[in-house]
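# Structure at a glance
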Amino acid sequence: MSPTVAVVGASLAGLSTARALRDRSYDGRIVVIGDEVHLPYDRPPLSKDFLAGTASLEDIALGTPDDEDLGLEWRLGTTAIGLDHLGRSVLLSDGSGIRADGVVLATGARARRLPGSEGLDGVHVLRSLDDAITLRQELTAAERLVVIGAGFIGAEVASTARGLGLEVTVVETQPVPLAGPLGAAMGAVCAELHADHGTRLLTGTGVAGLVGSGRVEAVELTDGTLLPADVVVVGVGAAPNVEWLAGSGVALGNGVLTDARGATNIPGVVAVGDCAATWSAAADRHVRTEHWTNALEQPATAVAALLGAGEPVPPPVPYFWSDQYGARIQFAGLRREGDVARVVEGSCADRSFLVVYERDGHPVAVLGMNQPRLFTRWRRQLRSAVAAAS
Amino acid sequence: MIPVCPTTALPPGEATRVEADEPIAVFNVDGEFFAIDDTCTHQDASLADGWLDGCAIECPLHASCFDLRTGKVSGPPAKTPVRTHRVVVQDGTIYVQPGVAADGAA
Ligand SMILES: Cc1cc2nc3c(=O)[nH]c(=O)nc-3n(C[C@H](O)[C@H](O)[C@H](O)COP(=O)(O)OP(=O)(O)OC[C@H]3O[C@@H](n4cnc5c(N)ncnc54)[C@H](O)[C@@H]3O)c2cc1C
Ligand code: FES
């Protein structure tokens, strides 16, 4: 029988894995298991153009005409419920199992919900295509939106909703939004975009609860303030989809624990994308990266590991972007608390700048707002510097 | 024909954008000039801002690659090619002919 690789999770990381397997001339069976009924689609537009109604389903499909030659066996609308590592088989919700010589874990992450929001209409999270379709329908009929959480997804939903003409309030527990990824100074600069475009941003404020019976009517803050809302979007981060692996013997932490190449503690099992907590020598710990480019690029390395190709791993220079209120934000590198942010081009006031983060006088990360050309050059430079240093 | 710039203003490895009905990106690859649609076919990014590697341009946003000679996608996520445009150099000035493909097809 020809060898089989089972890919669990039919999204960006799963599809990229299938492509990488064929790129490496693997010609066995590839079975891709996905609990959503949809073929792989792109998530970033779900908070941007797709939510705005300017991108169609066809626009956001990830598959390219070349992918038809990959010869994939799709098992869509099917949930993996367990992994028997000794028998190397993936157990499925329909009672069947898939015996495989290699297993790729690419189950991504899901949006965290607010406790107590179950069963209340008008309260949404945004992770899947179905989430986006429902939210878009509700936004077109609504006047007031409250977004809980001013992270990237929260900020993008706020921006899109403003574009649709809604009155928007964003509530953030932290004193400064995006301080985690960008540092407090730059987080504050990016958060100014909200006020520029008429979105009210309340920071340092917790949410006490949601008000309404049957349907949400308001969000109550810890200081007692009531924010009336027709629709509430909860954007408070994501949790890795790894519960189904409990008891499988695969080591879990904040995600599936892997070495720098993506290999888990079980031979023949690798993990990629948002569900993987990959060992980072630079950070000296496992890091779970929730960015598109990571899910796109990481599979090439993990597939090499799976197929036993012992080549060195290029140290990654993480990259992500965000589009808010017409501003393009791009970030690359490994920033740590204490790195010094220096504006090297443009100005924050003009909403067009390039900032370099330095540690001991050396650039370690770069942030651009509306500076794609210069940003691209800096990102390349960082990659060469990191490659040279390793 | 749309004038772009003097040849001396576009050294090897550089790119520039010209406004036309659809903006056009013009590249200098080791002394040879190429012109393609500037807007990436994936989403909204200017390819003139991208990274030039030989005859391939990598989009600055999500790294789709296009072949400057043919406009074809050489790396996803983009699914559709960009159009190429003919480039003419006359008296030290670069011109593009929008709507005329690099291989001469209209
Ligand atoms: C609204 C939104 C906007 C974003 N915007 C940006 C952006 O601007 N820039 C950026 O860099 N990143 C962005 N991201 C992040 C990016 O989309 C993710 O990093 C990327 O989708 C990760 O891909 P993945 O394949 O690892 O996981 P996912 O895309 O989460 O896919 C995992 C798949 O596995 C399925 N699955 C889970 N459990 C099982 C199971 N047991 N059995 C079978 N299938 C299962 C899931 O349903 C899902 O289909 C955004 C994400 C969202 C949600
Ligand atoms: S916009 Fe060019 S690759 Fe996405």
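Right above here is the structure, for reference.
Residues numbered from 1 in each chain as written. Chains lettered and ligands numbered in written order. Predicted model: local features only at pLDDT ≥ 70, side-chain atom pairs only at ≥ 80, totals over all residues. Heavy atoms only, no water.

## Thoughts on the overall build of chain B
Of regular secondary structure, chain B possesses 0 helices and 10 strands. When the helices and strands of chain B are placed in sequence order, the string is β-β-β-β-β-β-β-β-β-β. Its C-alpha atoms give chain B a radius of gyration of 12 Å, within 12% of the compact-globule value 13 Å for 106 residues. Projecting the C-alpha coordinates of chain B onto the three principal axes gives extents of approximately 40 × 25 × 20 Å. When each of the 106 residues of chain B is scored for burial, the buried share is 46%. Expressed as a percentage of contacts within chain B between residues at least 6 apart in sequence, the contacts between residues at least 24 apart total 35%. Carbon and sulfur atoms make up 49% of the accessible area of chain B, which amounts to about 4800 Å² in all. One way to put it: in chain B the 6 positive side-chain charges average out to a point 8 Å from where the 15 negative ones average out. (Helix = DSSP H or I, 4+ residues; strand = E, 2+ residues; numbered from the N terminus. Rg over C-alpha atoms; globule rule 2.2 N^0.38 Å. Buried < 20%, exposed > 50% of the residue type's maximum accessible area, 1.4 Å probe, protein only. Contact = heavy atoms within 4.5 Å. Areas by Shrake-Rupley, 256 points an atom, 1.4 Å probe, with all protein chains shown as cover. Lys, Arg positive; Asp, Glu negative; His and termini not counted. Charge placed at Lys NZ, Arg CZ, Asp CG, Glu CD.)

## Describing the interface of chain B and chain A
Taken together, the contacts link 19 residues of chain B with 20 residues of chain A. Considering only the surface of chain B that becomes buried against chain A, Trp51, Leu61 and Lys79 of chain B emerge as the three largest contributors, covering 36% of it. Viewed at the interface, chain A and chain B are joined by 3 salt bridges. Close ionic contact of Glu58 of chain B with Arg380 of chain A constitutes a salt bridge, the shortest N to O distance being 2.8 Å. Across the chain B-chain A interface, the total number found is 9 residue pairs in polar contact (both at pLDDT 80 or more). Residues of the side of chain B that touches chain A, tallied by class, amount to 9 nonpolar, 5 polar and 5 charged. (Buried area = accessible area lost by both parts, 1.4 Å probe. Salt bridge = Lys/Arg side-chain N within 4 Å of Asp/Glu carboxyl O. Polar contact = N/O pair within 3.5 Å; in protein donor to acceptor, adjacent residues only side chain to side chain. Nonpolar A, V, L, I, M, F, W, Y, C, P; charged D, E, K, R; others polar.)

## Here's the deal with the packing of aromatic side chains
Residues and elements named next belong to chain A. Counting across every chain of the model gives 6 aromatic pairs over all chains. Among the aromatic residues, those joined into a cluster by ring pairs are Phe152, Phe320, Phe331 and Tyr357. It is Arg136 that lies over the ring of Phe50; its NZ or CZ is 4.5 Å from the centre. Across the ring face of Tyr319, the terminal group of Arg379 is positioned such that the distance to the ring centre comes to 3.9 Å. (Phe/Tyr/Trp six-rings, centres within 6.5 Å; stacked < 30°, edge-to-face > 60°. Lys NZ or Arg CZ within 6 Å of the ring centre and 35° of its normal.)

## Things to note about the sheet that holds strand S4 (residues 32–37) of chain B
All names here are of chain B. Sheet architecture is open: 6 strands sit in the order S1-S10-S9-S4-S3-S2, paired in antiparallel fashion. In the strand order of this sheet, the two ends are held by strand S1 (2–6) and strand S2 (15–18), each with one partner. Between one strand and the next, the sheet's axes are offset by a mean angle of 30 degrees, whatever the strand orientation. The sheet contact formed by S1 and strand S10 (residues 93–97) spans 4 bridges and is antiparallel. (Pairing = 2+ DSSP bridges. Axes fitted to C-alpha atoms, helices over the stretch in contact; angles between N-to-C directions.)

## Topic: the sheet that holds strand S1 (residues 4–8) of chain A
Residues and elements named next belong to chain A. With parallel pairing, the 5 strands of this open sheet are ordered in space as S3-S2-S1-S7-S20. Of all strands in the sheet, those with a lone pairing partner are strand S3 (73–76) and strand S20 (269–271), marking the two edges. Averaged over all pairs of adjacent strands, the angle between their axes in this sheet comes to 15 degrees, without regard to strand direction. In this structure, strand S2 (residues 29–34) lies alongside S3, joined through 4 bridges in parallel fashion. By the bridge assignment, Gly34 is partnered in S3 with Leu76.

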